[in-house]
Amino acid sequence: MDFKLSVEDILQIKCDLLVLGRFEGEAIKGLIKKVDDALAGALSRNSREEKFSGELGKGVMINTLGKIGAKRVLLAGLGKKPKFSSDVLRKVGIFTAKRAKLISEEIAFSFPVNGKKGNTSALIEGVMLGNYEFNKYKTNDKKWEGIKNVQFVSSGIRETNFKEELKFANIISESTNFARDLVNEPPVFLTPTKLSEIAQEVANKGKLECIIFGREELKKKGMGGLLAVSSGSDEPPRFIHLTYKPKGSIRKTVAIVGKGITFDSGGLCIKPRDSMRTMKGDMSGAACVLGVMKAISRLSLPIKVHGLISATENMPGGRAYKPDDVIRALNGKTIEVIDTDAEGRIVLSDALSYAVELKADEIVDLATLTGACIVALGDYTAGLMGNDERLINRIIKAAKLAGEKIWQLPMDDELRKDIESDIADVKNVGSRWGGAITAAMFLEKFVGDTPWVHLDIAGPAFIEKGGDWYPKGGTGFGVRTIVKYLLER
Ligand code: BES
Ligand code: MN
Ligand code: ZN
């Protein structure tokens, strides 16, 4: 996709789609009025008929029938003026790209973006995210090749800022779309081995260090959690460790940890058929980690970042781990298996212990961990839990800037007894109630005193029906938040 600035008469611009913006409740005036007049009042008439008055996520599109240079005009809602922000611009970008689909390759935005830092990049980001489609496996349909050119006409954006913002938007959206692709790939393609090969490619391209463990190394190291979960599958497990090291001095070390279950059948505690569908998405945490590592290899940060992934299938093969088994994790703690379908926390126990061994100053994990979290918060919001209020607040702030919805759940001490085991240090399942919280409490046992945040992304990582601001399937949730968090100063 090509982006450029231009100065042209709005009525002369040659493009498939001219995009104008209207604040909620604002009268048709200024540039919009100029276009409306040239179209014999079609914009205002359609707005009235469709009861559109500038709400975010709505808009009217009309064919200009050759009356002006642009073939179509989209009057997009900017929402309420006091609520205007870079996130609104991102959403306008997504909305526009979705509406442009199949009919518009050349787009011109003509509304003031204003020079506030991050505004231009958010709008560009939105266009690139909204343009996303996973069509690799479609052979017959005519594939939508996407928007080709975007120009910002008399937008008030300065050339120097524009270059920087464009670069940032490219990095963010390419990494997010990359994570989406990984999630959308079928499990027959995206095995733990394949995931590790892709991680190696990310490392090679971005000049990151890359260590990959197979079964032998996992045994030697004592990563009993990942080994146990992988034992029911014919696909070998992989533990993936990428490292970004800054050129100059290191201000701190952060570990980003992802759950990489490339398919979750539930294991011996097998899932009913309807719940098994979409379980290719159970590696969304891992996809996010790779997206983040890809992004930061293109940014210069003064911090060391470890990307850690526990990758395996969860299958009910003849050697599968069983309810009643006791497993020893990398940090020496023992886990009683109650339910083999609570496998995410088990593979994460090793990855979190490993992050502690690396002496990370802060740990953030992302995992499609519990259905309970979706019951609590719905499809569009991730659950957040942690052991350090300062780190928690920084992640919440980063998510706000990134336009991703995250909500903190309480680590209620009274629930802790739910995961006490009679024969081991901890058991892998509590009761049904507060399932997202007891899952986080399980993870907490493996982070020691390190400040840590857990994001349960079971809802927003994979949205079967899509959302206003998300495509169907993999969403790449978390990439934007984590990059913002790493960039904060
Ligand atoms: N991967 C699932 C969680 C999940 C469910 C993610 C639905 C996305 C959509 C996880 O491994 C799992 O099976 N969790 C169980 C835990 C239970 C056995 C305590 C669950 O949520 O039912
Ligand atoms: Mn499971
Ligand atoms: Zn799972």
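Thresholds, definitions, all that
Residues numbered from 1 in each chain as written. Chains lettered and ligands numbered in written order. Predicted model: local features only at pLDDT ≥ 70, side-chain atom pairs only at ≥ 80, totals over all residues. Heavy atoms only, no water. Helix = DSSP H or I, 4+ residues; strand = E, 2+ residues; numbered from the N terminus. Buried < 20%, exposed > 50% of the residue type's maximum accessible area, 1.4 Å probe, protein only. Pairing = 2+ DSSP bridges. Domains from an automatic or database assignment. Buried area = accessible area lost by both parts, 1.4 Å probe. Salt bridge = Lys/Arg side-chain N within 4 Å of Asp/Glu carboxyl O. Polar contact = N/O pair within 3.5 Å; in protein donor to acceptor, adjacent residues only side chain to side chain. Contact = heavy atoms within 4.5 Å. Donors = N, O, S within 2.8 Å, 3.2 Å for Na, K, Ca; no water. Tetrahedral: all angles 85-135°; square planar, octahedral: opposite > 155°, others 65-115°.

## Description of the side chain of Glu26
Within the secondary structure, Glu26 sits in the loop between β2 (15–23) and α1 (30–38). A relative accessible area of 18% places Glu26 in the buried class.

## Here's the deal with the pairing of strand β8 (residues 238–244)
Within β8, seven of the seven residues are buried, which leaves the element mostly enclosed by the surrounding structure. Burial along β8 is two-sided: Arg238, Ile240, Leu242 and Tyr244 and Phe239, His241 and Thr243, pointing in opposite directions, are all buried. Inspection of the sheet shows strand β7 (residues 209–213) paired to β8 by five bridges, in the antiparallel sense. If you follow Cys210 over to β8, its bridge partner there is Leu242.

## Comments concerning the domain arrangement of the chain
On domain assignment, one finds that the chain holds domain 1 (2–153) and domain 2 (174–487). For domain 1 versus domain 2, the separation of C-alpha centres amounts to 37 Å. Of the roughly 1400 Å² buried between domain 1 and domain 2 on both sides combined, carbon and sulfur atoms contribute 57%. Along the contact surface separating domain 1 from domain 2 lie two salt bridges. The salt bridge partner of Glu125 is Arg480, with a shortest N-O separation of 3.8 Å. Between the two partners, domain 1 and domain 2, sit 10 residue pairs in polar contact (both at pLDDT 80 or more). Every element with two or more residues in the side of domain 1 that touches domain 2 is listed here: α3 (86–100) and α4 (119–130). Here the side of domain 1 that touches domain 2 takes six residues from α3, the largest share from any one element.

## What to know about the environment of Trp469
Among the secondary structure elements, Trp469 is positioned in the loop between β18 (462–463) and β19 (473–474). Separated by 329 residues in sequence, Trp469 and Asn140 place their C-alpha atoms 27 Å apart. Setting aside residues up to four positions removed in sequence, Trp469 forms contacts with Leu56, Gly57, Lys91, Ile94, Phe95 and Lys98.

## Describing the coordination of the manganese ion (ligand 2)
Within the first shell, the manganese ion (ligand 2) binds the protein through Asp264 (OD), Asp341 (O), Asp341 (OD) and Glu343 (OE), at distances of 2.1 to 2.2 Å. Geometry at the manganese ion (ligand 2) is irregular, judged from its six donor atoms and the angles of 72 to 170° they form at the metal. Here the donor residues of the manganese ion (ligand 2) share one chain and are spaced in sequence as D-x76-D-x1-E. In this structure, the manganese ion (ligand 2) lies 3.1 Å away from the zinc ion (ligand 3), the two metals sharing Asp264 as a donor. Taken together, the residues span a long stretch of sequence, with Asp264 in strand β9 (residues 253–264) and Asp341 in the loop between β12 (334–336) and α11 (344–357) at a distance of 77 residues. Here Asp264 falls in the buried class, since its relative accessible area comes to 3%. Since its relative accessible area comes to 23%, Asp341 is described here as partly exposed.

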